[in-house]
2 protein chains.
Amino acid sequence: VTSEFDLIARLAERIGPPRGRLATGIGDDTAVTVPGGATAVSVDAFIEGVHFERSWASPRKIGRKALSAALSDLAAMGAEPGEAYVVLGVPADLDEAGCLELYEGIEAVAGETGTALAGGDVSRAPALSLALTVVGHAASPDLLVRRSGASPGDVLAVTGELGGAAAGLLLLQRPELREAAGNAAEALEARQLDPVARIDAGRLLAEAGATAMIDVSDGLSPDAGHVAARSGVALEIDSGRVPVQAGVAEVAAAAGEDPLALVLGGGEDYELLAALPAERVEAARAALQKGGTTLTAIGSVEAGDGVRLLGPNGPIDPPRGFDHLQEGGR
Amino acid sequence: VTSEFDLIARLAERIGPPRGRLATGIGDDTAVTVPGGATAVSVDAFIEGVHFERSWASPRKIGRKALSAALSDLAAMGAEPGEAYVVLGVPADLDEAGCLELYEGIEAVAGETGTALAGGDVSRAPALSLALTVVGHAASPDLLVRRSGASPGDVLAVTGELGGAAAGLLLLQRPELREAAGNAAEALEARQLDPVARIDAGRLLAEAGATAMIDVSDGLSPDAGHVAARSGVALEIDSGRVPVQAGVAEVAAAAGEDPLALVLGGGEDYELLAALPAERVEAARAALQKGGTTLTAIGSVEAGDGVRLLGPNGPIDPPRGFDHLQEGGR
């Protein structure tokens, strides 16, 4: 890196003048924005050797995933993406071209999602590390969906398909498994390296009356546990109804892993898990389908606490966590 | 660290329920706030071996300085502190007690400044690293003071005294210099390790009609350069009028450094440099004095560009940067 000032100046030039809610962007002591009636803010760390390996992904992919994973938290609130701020720690062996390529990945996802890059900080660091701050907007706090509103009788539904990011991680760690995945290998790896935040689906679910929502970043079972705890309810999930990405079963079998560990315990699919009043589910499903996103009912909200998983022959234990495959957990 | 979830749960418990602008705090996908008419956001990296050394400062002091340095950017806009978000990277040799002590330092500064700790992320990392996001508020964007509004004829003024943080850094790096500092040594080291953001002074300067403002984090001369560039003006600084902290001259002499390098080129004093219409300076000075903060006129805004430094016998060159003393620059 030439110098912090030079790099920031080059980035500011690329990003252009502030617009939309952003009144002052990069180049002052702070960014200045004109917010709506409610602001949603999330911060996420993304560190080499813990959350990703540079041997698996180009700087561009690393940048893309960092922002997508951060925006997924806005999706889980049903918020409109507003601004993103990037703290970048640059190791000695990443040159300026690599830094710019990483920012290009961030910028691409920002452009695809209508997010303004509004500020950041650049520093040397012992490993490539990012901290992403994302700010979302809504007209009022009541329009944002917390984890805490699920009620007994609500239906539990999930967007898209699960298990793909975990299977993709296995393929990256053990390339000899790619044969078992066949044609699905590329899509599974892409699911791990370049996930998509379900921003439109999150806003549609909020509009459809979702009572609680979370993104599946830690894994379906642990994330359901967060909703159960915050809502003071039990969540019952029929594991047979959970949509599974193509190739997940094959990769799990070849790896000697329980496929349910990938589907229920593997994180980073960045799908949304929502509780909805039963009478709202069909309308929500139809609304999401217009944008090409599936919504599948996988269980129900009950009185009690914790997560109850049903297998083909009755209750099953939570699968062994998938964290053991990841150097540092998520 | 026991686990990310455990540590976050313990922190959320300590911080208590959300209040003020904060509608939803730690424990959901995002924090939710009810903002005012304008929001000011800044992010800052704070990395071991680059910005601080653990051998110099306790985890509590590291936490204090990280938040104070971040809040200084809100001070420089004249914003009201709102919320802070902490991304913490924990190395293998920092135990949970150390992490909690670091958060205690952050919490202490949050309490002193009326800042709500609204969220964060915790991860393993190869070195102790923090990324702080601070969010400030104002009734409208026009009330926030950018770097860009200085006009020829304005007076240039600085709060407090400069050079202390750089002299304190020299004392920490070369303890044999402490003798030269005498009674001032402790205050100089405290200036480096536990700076105070000039939040009240920033708001008073904004109310008094400051046309441009910046915090002195990189050094008076380079920070004046940022204001000059953004405002499209020249800034003239009379180096003899810049208030110098007690002991700075003695430490510089003992270290074989030019005292002006510490005063004009040393950063991290976190004082505020403001441009004000000449007729507003006295009222601003009186307002700050009530809070115990001095305001000193040190120069003027002129047509042209860049920073002109005046010594006792006319123009002087910018002092050699102070960055060479710091492993990574700021």
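Shown above is the structure to which this text applies.
In this text the structure is predicted, and so the values were computed from the model without any measurement.

A. Fine view of the overall build of chain A. Within chain A, the regular secondary structure consists of 11 helices and 13 strands. Against the 2.2 N^0.38 benchmark of 20 Å for 330 residues, chain A shows a C-alpha radius of gyration of 20 Å, consistent with a compact globule. The C-alpha extent of chain A, read off along each of the three principal axes, is 60 × 50 × 30 Å. Counting only residues that meet the buried cut, chain A has 59% of its 330 residues in that class. For chain A, the share of sequence-separated contacts (at least 6 apart) that also reach a separation of at least 24 residues comes to 84%.

B. View of the side chain of Thr33 of chain B. Here Thr33 of chain B is to be found in strand 2 (residues 31-33). Sequence-distant contacts of Thr33 of chain B, defined by excluding residues within four places in its chain, comprise Gly37, Ala38 and Thr39 of chain A together with Arg21, Leu22, Ala23, Glu83 and Tyr85 of chain B.

C. Structural context of the relation of the copies chain A and chain B. Structural alignment of chain A on chain B gives an RMSD of 0.0 Å, achieved by rotating through 180° and translating 0.0 Å along the axis. The superposition of one copy onto the other is thereby described by a two-fold rotation axis. The fraction of interface residues of chain A whose copies in chain B are also interface residues reaches 100%, indicating that both copies meet through the same surface.

D. Summary view of unusual backbone geometry. Residues and elements named next belong to chain A. In this structure, Glu268 is a non-glycine residue whose phi angle is positive, near 70°. The topology assignment puts Glu268 in the loop between helix 10 (259-265) and strand 10 (272-276). A positive phi angle is found at Tyr270, which is not glycine, with a value near 55°. Residue placement: Tyr270 occurs in the loop between helix 10 and strand 10. The exposure class of Tyr270 is buried, given its relative accessible area of 7%.

E. Representation of helix 4 (residues 164-173) of chain B. Residues and elements named next belong to chain B. The element helix 4 is largely enclosed, with a buried count of nine among its 10 residues. Every buried residue of helix 4 is accounted for by Gly164, Ala165, Ala166, Ala167, Gly168, Leu169, Leu170, Leu171 and Leu172. Those residues of helix 4 that are buried are in contact with helix 5 (178-181), helix 6 (185-193), helix 9 (248-255) and helix 10 (259-265).

F. Molecular detail of the sheet that holds strand 1 (residues 22-24) of chain B. Taking strand neighbours across the sheet as the criterion, the six strands line up as 5(A)-4(A)-6(A)-3(A)-2(B)-1(B) in an open arrangement whose pairing is mixed. Because the sheet does not close on itself, it has two edges, and the strands there are strand 5 (116-124) of chain A together with strand 1 of chain B. Each strand of the sheet is rotated relative to its neighbour by a mean of 20°, with strand direction disregarded. As paired elements, strand 3 (residues 38-47) of chain A and strand 6 (residues 129-138) of chain A share 10 bridges and run antiparallel to each other.

G. Structural detail: the interface of chain A and chain B. At the junction of the two partners, chain A supplies 56 residues and chain B supplies 56 residues. Where chain A abuts chain B, roughly 4400 Å² becomes buried across the two surfaces, and 55% of that area is made up of carbon and sulfur atoms. On the chain A side of the contact with chain B, Asp29, Val43 and Arg124 of chain A bury the most area, a combined 15% of that side's loss. Our count for the contact surface shared by chain A and chain B stands at six salt bridges. Among the ionic pairs, Asp29 of chain A bridges to Arg147 of chain B, the shortest N-O distance being 3.2 Å. The interface formed by chain A and chain B contains 19 residue pairs in polar contact (both at pLDDT 80 or more). Per-element accounting of the side of chain A that touches chain B gives the leading share, nine residues, to strand 3 of chain A. Its residues placed into classes, the side of chain A that touches chain B shows 27 nonpolar, 15 polar and 14 charged.

H. Layout of the sheet that holds strand 1 (residues 22-24) of chain A. Strand order across the open sheet formed by six strands is 1(A)-2(A)-3(B)-6(B)-4(B)-5(B), with mixed pairing between neighbours. Among the strands making up the open sheet, the edge pair consists of strand 1 of chain A together with strand 5 (116-124) of chain B. Each adjacent strand pair in this sheet contributes to an overall mean axis angle of 20°, direction not counted. Direction of pairing for strand 2 (residues 31-33) of chain A relative to strand 3 (residues 38-47) of chain B: antiparallel, over a ladder of three bridges. Directly across from Thr33 of chain A, in strand 3 of chain B, lies its bridge partner Thr39 of chain B.

I. Examining the packing of helix 7 (residues 199-207) of chain A against helix 11 (residues 281-290) of chain A more closely. Residue and element names in this part refer to chain A. Two elements in contact, helix 7 and helix 11, have axes separated by 9 Å at closest approach and are oriented at 155°. Relative to helix 11, helix 7 is oriented roughly antiparallel. Like other packed secondary-structure pairs, helix 7 and helix 11 cross with a definite hand, here right-handed. Contact residues: Ala201, Leu204 and Leu205 in helix 7; Ala284, Ala287 and Leu288 in helix 11. Among the residues forming the contact of helix 7 with helix 11, the class breakdown is six nonpolar, no polar and no charged.

J. Just the environment of Ile15 of chain A, in detail. All names here are of chain A. In this fold, Ile15 is placed in helix 1 (residues 4-15). The class for Ile15 is partly exposed, based on a relative accessible area of 23%. For the pair Ile15 and Leu117, spaced 102 residues apart in the sequence, the C-alpha separation amounts to 7.3 Å. Contact partners of Ile15, with chain neighbours within four places excluded, come to Ile26, Glu107 and Leu117.

Cut-offs used in this document
- Residues numbered from 1 in each chain as written.
- Chains lettered and ligands numbered in written order.
- Predicted model: local features only at pLDDT ≥ 70, side-chain atom pairs only at ≥ 80, totals over all residues.
- Heavy atoms only, no water.
- Helix = DSSP H or I, 4+ residues; strand = E, 2+ residues; numbered from the N terminus.
- Rg over C-alpha atoms; globule rule 2.2 N^0.38 Å.
- Buried < 20%, exposed > 50% of the residue type's maximum accessible area, 1.4 Å probe, protein only.
- Contact = heavy atoms within 4.5 Å.
- Least-squares fit on C-alpha atoms with pLDDT ≥ 70 in both.
- Pairing = 2+ DSSP bridges.
- Axes fitted to C-alpha atoms, helices over the stretch in contact; angles between N-to-C directions.
- Buried area = accessible area lost by both parts, 1.4 Å probe.
- Salt bridge = Lys/Arg side-chain N within 4 Å of Asp/Glu carboxyl O.
- Polar contact = N/O pair within 3.5 Å; in protein donor to acceptor, adjacent residues only side chain to side chain.
- Nonpolar A, V, L, I, M, F, W, Y, C, P; charged D, E, K, R; others polar.
- Parallel < 35°, antiparallel > 145°, perpendicular 65-115°, else oblique.
- Left-handed = near helix turned anticlockwise from the far one by under 90°.

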